[in-house]
Amino acid sequence: NAGVTQTPKFQVLKTGQSMTLQCAQDMNHEYMSWYRQDPGMGLRLIHYSVGAGITDQGEVPNGYNVSRSTTEDFPLRLLSAAPSQTSVYFCASRRDPVGSYEQYFGPGTRLTVT
Amino acid sequence: AQKVTQAQTEISVVEKEDVTLDCVYETRDTTYYLFWYKQPPSGELVFLIRRNSFDEQNEISGRYSWNFQKSTSSFNFTITASQVVDSAVYFCALSEVGGGAQKLVFGQGTRLTINP
């Protein structure tokens, strides 16, 4: 049982490049989400999904796309990277879509956009 | 709207001291959940505790204890006899159940440094 896995661990992009951050979980959790962590701002929700085929926007969705074709995978796409997207990105999953249970977080991806 | 405030940005204490991390929250819901997470220097987020809004009993787990008071909208975290391994950033978070249930709102975090 690997929990929540994320790849890559580190990434450097040039402004305008695109890339996909991968996230997978093996706990059969319905709910998955992406957060970004910036100094002094805690974690902010980017997008979330309550099940395969269902996604919605969080607090800071601009510049990011997601899809959920399977229960296990929830990739985050940056279409045209900007320096403001330099951050640490965490993927998380939770067994229920309602919000009563804790979320389990992946190890994070540190992204730098130059 | 949901909001979590951790007013203490950084705390530094000497090993074996007790330390309390404050968390104040705002919500209009009557049913909600509160959480504490630990982020050690290695960067991962570790779940510590979950408390629902109907359970105001204090919780103790080893050297850790949590004091939930609905009257003051606070969910404070105390470490007794702190150790160097407790050094981390600690986050308090709030999840409403219902229309806003999809969002886990975090405080800004408190960086705790335990000095030997």
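Basis of the calculations
- Residues numbered from 1 in each chain as written.
- Chains lettered and ligands numbered in written order.
- Predicted model: local features only at pLDDT ≥ 70, side-chain atom pairs only at ≥ 80, totals over all residues.
- Heavy atoms only, no water.
- Disulfide = S-S within 2.5 Å.
- Helix = DSSP H or I, 4+ residues; strand = E, 2+ residues; numbered from the N terminus.
- Contact = heavy atoms within 4.5 Å.
- Buried area = accessible area lost by both parts, 1.4 Å probe.
- Salt bridge = Lys/Arg side-chain N within 4 Å of Asp/Glu carboxyl O.
- Polar contact = N/O pair within 3.5 Å; in protein donor to acceptor, adjacent residues only side chain to side chain.

Engineer: So, the state of the cysteines: which residues are in play, and what are the values?
Structural biologist: Residues and elements named next belong to chain A. Enumeration according to the criterion identifies 2 disulfides over all chains in this entry. Here Cys 23 connects covalently by a disulfide to Cys 91, the sulfurs 1.8 Å from one another. Between Cys 23 and Cys 91 the disulfide shows an S-S torsion of about -70°. By sign, it is left-handed. Here Cys 23, found in strand E3 (residues 19-25), pairs with Cys 91, found in strand E9 (residues 87-94); they are 68 residues apart in sequence, far enough to count as distant.

Engineer: Go over the interface of chain A and chain B with me, naming the residues and quoting the values.
Structural biologist: Opposite the 21 residues of chain A that make contact, chain B presents 19 residues. In total, chain A and chain B occlude about 1,700 Å² of area from one another, counting both sides; carbon and sulfur atoms represent 58% of this. In this assembly, chain A and chain B are joined by 1 salt bridge. The salt bridge partner of Glu102(A) is Arg50(B), with a shortest N-O separation of 3.4 Å. Taken together, the connections running from chain A to chain B amount to 3 residue pairs in polar contact (both at pLDDT 80 or more).

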